[in-house]
Amino acid sequence: NASTLVQDAIAAAQRATQVGPGNVANWSSLAVIYQRIMGVTAGADAFAITSFEKSIELEPANPELHLELGKVHLSRSDIANQQAQQTKDEAQKKSLGEVAVAALGKAEQSFNRAIELKRDYAPAHYQLALVFDRQGKIKEAITRMQALVSANPQDVGVGFQLALLYFRDSRKNDAVRLMESVVRLSPNFSNARWYLASMYEERGELDKAIAELEKVLEL
């Protein structure tokens, strides 16, 4: 079953680190496995962080490793926030909130380090924008995303995120225009069509909203 396959993959990756402890690829491969089971396997986040940190010890100037470590911290923050929302225990809620904030700060540090190593590293700028968004710094997040969209206007993923940020920043017309552009570039992007329908609905353009949702149903 899936659980057995995961355990076998972990065991194989661990053996590789034991046989070749100085090989950065062995540690990063182990880290990626743990990264992919975060949220479903207790302790996976801590093991992913430890493994990526070991990779960085071996190859400190590799911006990709700092990026991936930051993504683990960001996921840890999101998971803690989700758990905080689900619990009714106030003490636990407070503790989880502290974990989320601390992890978000570490994610920001990792993404900034990746950018220091490679100034034009778009994935790190994108992830840093997500951190700013979660910190409530929407203006800063928008500035980052705008630079990314300007550099690569065909990137529908970034355009989608920027449209959502515009919408939450009450720049509704900008949000609609950009989301329409995303849908033109990627007609099968169901999420973009769904959010565009919501934007049309808020504006009272119900025929347009219905047309988008009908397309989502087709997809």
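Scoring rules and cut-offs
- Residues numbered from 1 in each chain as written.
- Predicted model: local features only at pLDDT ≥ 70, side-chain atom pairs only at ≥ 80, totals over all residues.
- Heavy atoms only, no water.
- Core = buried A, V, L, I, M, F, W, Y, C linked by side-chain atoms within 4.5 Å.
- Buried < 20%, exposed > 50% of the residue type's maximum accessible area, 1.4 Å probe, protein only.
- Contact = heavy atoms within 4.5 Å.
- Axes fitted to C-alpha atoms, helices over the stretch in contact; angles between N-to-C directions.
- Helix = DSSP H or I, 4+ residues; strand = E, 2+ residues; numbered from the N terminus.
- Parallel < 35°, antiparallel > 145°, perpendicular 65-115°, else oblique.
- Left-handed = near helix turned anticlockwise from the far one by under 90°.
- Nonpolar A, V, L, I, M, F, W, Y, C, P; charged D, E, K, R; others polar.

K.L.:
How should I be thinking about the nonpolar core in this particular structure?
P.N.:
Nonpolar side chains in soluble globular proteins tend to be buried together. If you look at the biggest cluster of nonpolar residues, it comprises 41 residues, and the most contacted ones within it are Leu74, Phe111, Met145, Leu162, Met179 and Ala192. Ignoring sequence-local partners within four residues, the contact set of leucine 162 consists of Ile142, Met145, Gln146, Val149 and Leu178. Counting 17 residues, the second largest nonpolar core, distinct from the first, contains Ile10, Ala44, Ile49 and Leu69.

K.L.:
Explain the packing of helix α2 (residues 24-36) against helix α3 (residues 44-58) here, please?
P.N.:
Between two packed helices, both the angle of their axes relative to each other and the distance between the axes serve to describe the pair. Viewed as axis vectors pointing N to C, α2 and α3 meet at an angle of 160°, and their least axial separation amounts to 8 Å. When the axis of α2 is compared with that of α3, the two are roughly antiparallel. Handedness of the crossing formed by α2 with α3: left-handed. Between α2 and α3, the contacting residues are Val24, Trp27, Ser28, Leu30, Ala31, Val32, Tyr34 and Gln35 on the first element and Ala44, Phe47, Ala48, Ser51, Phe52, Lys54, Ser55 and Leu58 on the second. For the contact of α2 with α3, the class distribution of residues is 11 nonpolar, four polar and one charged.

K.L.:
Got a minute to help me understand the side chain of glutamine 127 in this structure?
P.N.:
Relative to the helices and strands, glutamine 127 is located in helix α6 (residues 122-134). If we ignore the near neighbours within four places in the chain, the residues touching glutamine 127 are Leu67, Lys71, Leu74 and Phe111.

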